[in-house]
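Report on the structure
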Amino acid sequence: MATAAPLLIPLSQLSRAVTDWVESARALTQPAGVRWCEGTEEEFRELTSRLVRDGELVKLNAEHFPDCHLYRSNPSDVARVEHLTYICTASRQDAGPNNNWMDPKEARAKMRGLFSGCMRGRTMYVIPYCMGPIDSPLSRCGVEITDSAYVALNMMVMTRAGRAALERIAGNGGFVRGLHSIGELDPNRRFIMHFPEELTIESFGSGYGGNALLGKKCHALRIASWQARSEGWLAEHMLIVGLQSPKGETHYVACAFPSACGKTNLAMLIPPASLPGWKVFTVGDDIAWLHPGPDGRLWAINPEAGYFGVVPGTNPETNRNAYEMIRRDTLFTNVAVTADNQPWWEGLSHGTPVTDWQGRPYEPAKGPAAHPNSRFTVAARRNPSYSPHAEDPRGVPISALVFGGRRREVAPLVYEARNWQHGVLVGASVASETTAAAVGQVGVVRRDPMAMQPFCGYNFADYWRHWLEVGSKLARAPKIFHVNWFRRDAHGKFLWPGFGDNLRVLAWMLDRCSGRADAAASGIGLLPRVQDLDTRGLSLDEGALRALLSVDPALWRKEVADIRTYLQSYGSRLPQALLAELENTERQLG
Ligand code: SAT
Ligand code: MN
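Residues numbered from 1 in each chain as written. Chains lettered and ligands numbered in written order. Predicted model: local features only at pLDDT ≥ 70, side-chain atom pairs only at ≥ 80, totals over all residues. Heavy atoms only, no water.

The next subject is the overall build of the protein. Looking only at helices and strands, the protein has 16 helices and 30 strands in total. In terms of overall dimensions, the protein is globule-like: its C-alpha atoms have a radius of gyration of 24 Å, near the 25 Å expected for 590 residues. Across its three principal directions, the C-alpha atoms of the protein cover 70 × 60 × 55 Å. For the protein, the proportion of its 590 residues judged to be buried stands at 60%. Carbon and sulfur atoms provide 51% of the accessible area of the protein, an area that totals close to 22,600 Å². (Helix = DSSP H or I, 4+ residues; strand = E, 2+ residues; numbered from the N terminus. Rg over C-alpha atoms; globule rule 2.2 N^0.38 Å. Buried < 20%, exposed > 50% of the residue type's maximum accessible area, 1.4 Å probe, protein only. Areas by Shrake-Rupley, 256 points an atom, 1.4 Å probe, with all protein chains shown as cover.)

Here you go:
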């Protein structure tokens, strides 16, 4: 006898706290209907088909890109808007000079005005989600309410969304509230507000990426960094990758680079043929939650379940894993298309774009065919190098933390911090050229401490103090390194090939962690000598490696002065230990 399917409790009745909040959001925004997200595949397929029918999504060539779709965002809405992103804490000092601040009362009133009646005639989607493996004590939950079906689809890929998340919330109560509306997509009526003291996010007027997928930067970095400080852990803008050496030892490394600086590529690195025996396993490509473990090590989970990666430049040579992964079940945003409806982007070696990212006939004079910040959204489990430990509720133990930026000069290919405290200074001093991931000028160098400048939900001075405290409690703290894949020669040419060859640098780091590799002391930290790097099969211009591993004391003295000015702008909240480390560096530079 067939057993009847168990009767499921309607989602709207699972958690009183969630239901009450959804009801208040409904009363404020007045949608035509409310739809709770179960998180099933059928639901995802049904929603996608509906959006194709409504003309919001384009179905791509089913033979070459099965189950792939294209979404074109409003041309004024193509990146994060840092100047419209606020941290609203009772005390302005708690948000710090690194954030835009608004008084919470004023911000609430402003947002109430914007949200009032804004969903009339639209569907309100309620998306309960879990950041991190559903059964991990390190995971945290949230609920996003949105009137964008595109955002709902993205959240279903990027998080563990639906019933299981809501059951977890119903079981232990806490969740981050995220209210989102695309509004009229008017850049003059666009705000991304965070209320960390109330674990609440309110976002209006944008439907793109980090502005709108509230589980990502808003929750997993800005709100989580605040939660992490009070709970004794770290929420970081880091990829997590497992590296198995030819001897069979696996180490995990977490690396912080600014947006659009190659985190996804490094997380899925393909070892060069000349370094046989290495295996690479991706745990995460953007965000790491790092918790001190009972064994004195730092343990990491990736709170996300998918990748929202930069498309241009992805090809079989730069990132074969990503290239394979995005050939099915992928949602593309703002790429171009070919005559036979295949997605196209700059950096692909074949195909011809006929329609640009705005849906216009492609004309080279009008700029690139795909938007430089065009993205793919795809489930992490589709990645051929997805780590078998990515879903481990304990996380993975971290051997090394790596900071990096995009800098044409000054920073060498790699150096190691003298100790944790120096490592925190190295992280706090990161500088990088800006990219298309955020609205604004591209290519200007700015300080981007720990690659968290746009994402730290509180005063950087308090954040660095927290980093120092976490490290002081770790009996087996990871080593800390700094890398720069983007150094150039006098003619502007990149000195380092990057991509798979970055493994040579990571391998040196791991040998340092196990005490097997040498390093030479310099004023700024420890550097490999040319002979310490495995260069088998590497072709580099004459003198390139020497240039990559050189530290110019004159340039660095100027850098130290810049760093000091920057750190001192945090005033009396700045941990003095960082200035002491900086003086130490200055002394050693001579
Ligand atoms: O737009 S996102 O914040 O999701 C991507 C990024 O800037 O890293
Ligand atoms: Mn990012």
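As a further point, take the packing of helix α15 (residues 553–568) against helix α16 (residues 576–589). Contact geometry of α15 with α16 gives a least axis separation of 10 Å together with a crossing angle of 165°. As summarised for this structure, α15 and α16 are arranged roughly antiparallel, according to the angle between their axes. α16 is crossed by α15, and the crossing has left-handed handedness. Together, Pro-553, Trp-556, Arg-557, Val-560, Ile-563, Arg-564, Leu-567 and Gln-568 of α15 and Leu-578, Leu-579, Leu-582, Glu-583, Thr-585, Glu-586 and Leu-589 of α16 make up the contact between the two elements. Residues of the contact of α15 with α16, tallied by class, amount to 9 nonpolar, 2 polar and 4 charged. (Axes fitted to C-alpha atoms, helices over the stretch in contact; angles between N-to-C directions. Parallel < 35°, antiparallel > 145°, perpendicular 65-115°, else oblique. Left-handed = near helix turned anticlockwise from the far one by under 90°. Contact = heavy atoms within 4.5 Å. Nonpolar A, V, L, I, M, F, W, Y, C, P; charged D, E, K, R; others polar.)

Let us look at the sheet that holds strand β23 (residues 375–379). In spatial order, the strands read β2-β3-β19-β23-β18; together these 5 strands make up an open sheet with mixed pairing. With partners counted over all chains shown, the strands left at the sheet margins are β2 (57–59) and β18 (306–310), one partner each. Averaged over neighbouring strand pairs, the angle between their axes works out to 25° when direction is ignored. Direction of pairing for strand β3 (residues 69–71) relative to strand β19 (residues 331–333): parallel, over a ladder of 3 bridges. When the bridges of β19 are listed, Leu-70 appears paired with Phe-332. Against the sheet, helix α2 (residues 41–53) engages β2 and β3, with an angle of about 100° to β2. (Pairing = 2+ DSSP bridges.)

Before going further, it helps to examine the coordination of the manganese ion (ligand 2). The manganese ion (ligand 2) binds to the protein through Lys-217 (NZ), His-237 (NE2) and Asp-286 (OD); the donor distances cover 1.9 to 2.2 Å. Between consecutive donor residues of the manganese ion (ligand 2), the sequence gaps follow K-x19-H-x48-D. With Lys-217 in helix α8 (residues 215–231) and His-237 in the loop between β12 (234–236) and β13 (238–244), this residue pair connects regions lying 20 residues apart in the sequence. Neither Lys-217 nor His-237 differs from the other in exposure class; each is buried. (Donors = N, O, S within 2.8 Å, 3.2 Å for Na, K, Ca; no water.)

The subject of this paragraph is the site of ligand 1. Contacts to ligand 1 come from Arg-80, Gly-209, Gly-210, Lys-216, Lys-217, Ser-259, Phe-308, Arg-375 and Ala-437. At 2.9 Å, a backbone N or O of Gly-210 approaches an oxygen atom of ligand 1. Take Ser-259: an N or O atom from its side chain is 2.8 Å from an oxygen atom of ligand 1. Broken down by secondary-structure element, the contributors of at least two residues to the shell around ligand 1 are α7 (209–212) and α8. (Near = heavy atom within 4 Å. Polar contact = N/O pair within 3.5 Å; in protein donor to acceptor, adjacent residues only side chain to side chain.)

With that settled, consider the pairing of strand β9 (residues 176–181). In terms of burial, β9 is a largely internal element, 5 of the 6 residues being buried. Sheet topology note: the strand β7 (residues 140–146)/β9 ladder contains 5 bridges and is parallel. Counted as the bridge partner of Val-143 is Arg-177 from β9. Looking at chain direction, β9 and strand β11 (residues 200–204) are connected through 5 bridges and run parallel.

Note on aromatic pairs: each is described by the distance of the centres and the angle between the planes. Per the counting criterion, the structure on display carries 23 aromatic pairs. Aromatic side chains Tyr-208 and Phe-308 sit 6.1 Å apart centroid to centroid with 65° between the ring planes, which places their arrangement in the edge-to-face category. With a gap of 100 residues between them, Tyr-208 in the loop between β11 and α7 and Phe-308 in strand β18 connect regions that are remote in the sequence. Like Tyr-208, the residue Phe-308 is buried in the burial classification. Cluster of aromatic residues (ring-pair linked, three or more members): Trp-226, Phe-403, Trp-420, Tyr-458, Phe-460, Tyr-463, Trp-464, Trp-467, Tyr-566 and Tyr-570. In this arrangement the basic side chain of Arg-108 is found over the ring face of Phe-195, its NZ or CZ atom lying 4.4 Å from the centre. Between Lys-217 and the ring centre of Phe-455, over which it is positioned, the NZ or CZ distance is 4.5 Å. (Phe/Tyr/Trp six-rings, centres within 6.5 Å; stacked < 30°, edge-to-face > 60°. Lys NZ or Arg CZ within 6 Å of the ring centre and 35° of its normal.)

Mapped onto the secondary structure, Glu-304 falls in the loop between β17 (298–301) and β18. Of the polar contacts made by the side chain of Glu-304, one reaches the side chain of Lys-216; its length is 3.0 Å. Beyond its immediate chain neighbours, meaning those up to four positions away, Glu-304 contacts Met-131, Met-158, Arg-160, Lys-216, Asp-285, Asp-286 and Ile-287.

Turning to the sheet that holds strand β21 (residues 343–344), a few remarks are in order. Read across the open sheet, the 3 strands follow the order β21-β20-β22; overall the sheet is antiparallel. Either end of the sheet is taken by a strand with one partner, and the two such strands are β21 and β22 (353–355). Bridging between strand β20 (residues 336–338) and β22 involves 2 bridges; their strand directions are antiparallel. If you follow Thr-338 over to β22, its bridge partner there is Pro-353.

Relative to the 24 Å expected for 17 residues at 1.5 Å per residue, α8 spans just 19 Å between its end C-alpha atoms, considerably shorter than the ideal helical length. Along α8, 14 of the 17 residues are buried, which leaves the element largely enclosed by surrounding structure. (Expected span 1.5 Å × (residues − 1).)

Attention now moves to the packing of α2 against helix α5 (residues 149–158). When two helices pack together, their arrangement is given by the angle between their axes and by how far apart the axes lie. Contact pair α2 / α5: the axes reach a minimum separation of 11 Å and the direction vectors enclose 150°. With respect to each other, α2 and α5 are oriented roughly antiparallel. In terms of crossing hand, the pair formed by α2 and α5 is left-handed. Contact residues: Glu-43, Phe-44, Leu-47, Thr-48 and Leu-51 in α2; Ala-149, Tyr-150, Ala-152, Leu-153, Met-156 and Val-157 in α5. A breakdown of the residues in the contact of α2 with α5 according to their chemical character gives 9 nonpolar, 1 polar and 1 charged.

This part takes up α5. A large share of α5 lies buried, amounting to 10 of its 10 residues. Turning to α5, its buried residues number three or more, namely Ala-149, Tyr-150, Val-151, Ala-152, Leu-153, Asn-154, Met-155, Met-156, Val-157 and Met-158. Measuring from the backbone nitrogen of Tyr-150 back to the side-chain oxygen at the start of α5 gives 3.3 Å, which picks out Ser-148 as the cap.

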